[in-house]
Amino acid sequence: MGTQKKQLKICIIGAGFTGLAAAYYLSKAGHLVEVFEKESQPGGLAIGFQDPNWEWPLEQHYHHWFESDWAIRNLATEIGHSVTFTRPVTSTWINGRISQLDSPISLLKFSHLSMEARLRTAVGLAGLRFNPFWQPFEYFTAKSYIRAIMGEASWKDLWEPLFVGKFDKYAGDISAAWLWARIYKRSPTLGYPEGGFLSFAKSLELAAINYGAKFYYHHPVSHINELLPQFDKVICTLPTPLFEKISGLTYPKLEGIGAVNLVLALKHQFLTDGSYWLNINDRKMPFLAVVEHTNFIEPKHYGGEHLLYVGNYLPSNHEFFRLSENDLVQKFLPYLKMISPKFTQSWIRKSWAFKAPFAQPIITKNYSQLIPPLSTSISNLYLANIQQVYPWDRGTNYAVELGRQVADLCLKK
Ligand SMILES: Cc1cc2nc3c(=O)[nH]c(=O)nc-3n(C[C@H](O)[C@H](O)[C@H](O)COP(=O)(O)OP(=O)(O)OC[C@H]3O[C@@H](n4cnc5c(N)ncnc54)[C@H](O)[C@@H]3O)c2cc1C
């Protein structure tokens, strides 16, 4: 990797998967790496937490890998961390009931759309799945693609509630390239690292430490200028608005949206049909997805408990960012009962609320023209963050790819 022979002293800001991957590849290449992270553990948006009753930690926000996530799968193999793959069920809550929707057959059986709308939806999805060229999709929105190919009914009944739930006021602005990436690359079979994403992040941290990297936790960086004279290279992995604050540089504004996840440890299974992922297509419900982690990964790793995420993507000024887990439980309870009528508050042993103000970049038309470059106007300072992942939708796999890319660049320049 790289052409540079001299041993460099390199600082990495942030121990999410971009920072971890960059630290691993650079220390493996023989350089002196120091990582500064404001939290107490590695993992960033994929970080986990652990209840004393559980054998494994759990992600604060639901996480899994797809079969096509080769960068991170290969890295897991390289560092000897095992990963299991299974095919869980994905369903949709629509018209007051749960309907499986995760394969061509289930789409054809999806009685909430007319047969014509189902067939047009299948054609539109095939046009994304089997087309390897993403560039033409940059020029129009997902909304216009869906309405033109899949039809108005498919947009209104199936897609619009999900786009509004995920992107709020930006729902109509999302690029068709974003939709293409999700349909083209994602698989119904999902992967999960042994012990969860926090365990995997710690394995990667340890692999970098074994090559000499040093990690400093509870160490927020507030001024990059102070670090630049101490290091040959500095790589920052924070979202651009945070990078602007600590570097003094300015960039054209790119929007993002936050996430709020309520996690419930339950005494009983919630989605008794076995669904792992339930998209909520009814925007009168105050959440976008109900994800029963233990319908994907066995409850035995969590003391036999059933773990449920009640998830939302929201602008960071939304009231849910200010509510406690208890307030969220009270707000969601009547709606959760509609989905699983036997469910009562007495099923909940414990609840947690996790909030990420910058969780998902807003990918608009012609996004390739808007992405900030990895190099910055300050020499030896690099930016590698979630907003530069494109055309793929952000994910830990692409964080690893980006970490490797910025490591290579840093050694070339
Ligand atoms: C709700 C949700 C669901 C997701 N689902 C999936 C999924 O199923 N599969 C998947 O692969 N990916 C998923 N992702 C995406 C994935 O988590 C991210 O793409 C990935 O973790 C981004 O890594 P990163 O290192 O680029 O950024 P981050 O994870 O944001 O890392 C940045 C790091 O910088 C630290 N930091 C911030 N400020 C400072 C400072 N001033 N000084 C020092 N450190 C600082 C942060 O604490 C953090 O650790 C999901 C994300 C969310 C929010």
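Predicted model only: the values in this text are computed from it and were never measured. (Residues numbered from 1 in each chain as written. Predicted model: local features only at pLDDT ≥ 70, side-chain atom pairs only at ≥ 80, totals over all residues.)

Let us look at the overall build of the chain. From N to C terminus, the chain includes 12 helices and 17 strands. Computed over the C-alpha atoms, the radius of gyration of the chain is 22 Å, within 12% of the 22 Å expected from 2.2 N^0.38 for a compact globule of 413 residues. Principal axes of the C-alpha set define a box for the chain whose edges measure 65 × 50 × 40 Å. The burial tally for the chain puts 46% of its 413 residues in the buried class. (Helix = DSSP H or I, 4+ residues; strand = E, 2+ residues; numbered from the N terminus. Rg over C-alpha atoms; globule rule 2.2 N^0.38 Å. Buried ≥ 20, exposed ≤ 12 C-beta atoms within 10 Å, placed from the backbone.)

For an interface, size is often stated in terms of accessible area lost upon the parts coming together. Considered domain by domain, the chain is made up of domain 1 (9-57 + 196-254 + 365-412) and domain 2 (103-185). A separation of 33 Å is found between the C-alpha centroids of domain 1 and domain 2. In terms of residue class, the side of domain 1 that touches domain 2 is built from three nonpolar, two polar and two charged. (Domains from an automatic or database assignment. Nonpolar A, V, L, I, M, F, W, Y, C, P; charged D, E, K, R; others polar.)

Strand residues, when the strand is regular, have side chains that alternate between the two faces of the sheet. Of all six residues in strand S13 (residues 275-280), six are buried, a share of seventy percent or more. Where strand S7 (residues 89-94) and S13 come together, five bridges link them in parallel fashion. The residue of S13 that forms the bridge with serine 91 is leucine 278. Examined bridge by bridge, S13 and strand S14 (residues 289-292) share three bridges and lie antiparallel to one another. When the bridges of S14 are listed, leucine 278 appears paired with valine 290. (Pairing = 2+ DSSP bridges.)

Before going further, it helps to examine the site of the ligand. If you check the shell around the ligand, you find 35 residues, and the closest are Gly14, Gly16, Gly44, Leu45 and Gly395. Contributions of two or more residues to the shell around the ligand are made by helix H1 (17-28), helix H10 (240-247), strand S16 (348-361) and helix H12 (396-412). (Near = placed C-beta within 6 Å.)

Below, the discussion takes up the UniProt feature "transmembrane region" (unreviewed entry) in the chain. With numbering matched to this structure, UniProt assigns "transmembrane region" (unreviewed entry) to residues 7-26. Along residues 7-26 the backbone is 50% helical and 25% strand, and the end-to-end C-alpha distance reaches 10 Å. (UniProt positions renumbered as here; feature names shortened; annotations may be inferred.)

Residues of S14 alternate between two faces, with Ala289 and Val291 on one and Val290 and Glu292 on the opposite face, all of them buried. One ladder, built from four bridges, connects S14 with strand S15 (residues 306-314); its direction is antiparallel. The partner of valine 290 across the bridge, within S15, is valine 310.

Further remarks concern the nonpolar core. With 118 residues, the main nonpolar core has Ile12, Leu20, Ala21, Ala22, Ala23 and Ile235 as its most contacted residues. Domain assignment of the residues forming this core places at least three in each of domain 1 (9-57 + 196-254 + 365-412) and domain 2 (103-185). The residues contacting alanine 23, other than those within four sequence positions of it, are Ile12, Val33, Val35, Ala208 and Ala213. (Core = buried A, V, L, I, M, F, W, Y, C linked by C-beta atoms within 7 Å. Contact = placed C-beta atoms within 7 Å.)

Attention now goes to helix H4 (residues 115-129). Spanning 15 residues, H4 covers 21 Å between terminal C-alpha atoms, matching the ideal 21 Å at 1.5 Å per step. Buried residues belonging to H4 abut helix H3 (104-108), helix H5 (142-150), helix H6 (152-167) and helix H7 (176-185). (Expected span 1.5 Å × (residues − 1).)

Among the residues making up helix H2 (residues 70-79), those that are buried are Ala71, Ile72, Leu75 and Ala76. Buried residues in H2, looked at end-on, bunch into an arc of 135°, giving them a common side. Away from its buried face by more than 90 degrees, H2 exposes Asn74 and Thr77. Residues of H2 that are buried sit in contact with H1, strand S5 (65-66), strand S6 (83-86), strand S9 (190-193), helix H8 (196-210) and H12. Backbone geometry just downstream of H2 places glycine 80 in the positive-phi region, at approximately 75°. (Arc of directions from axis to C-beta.)

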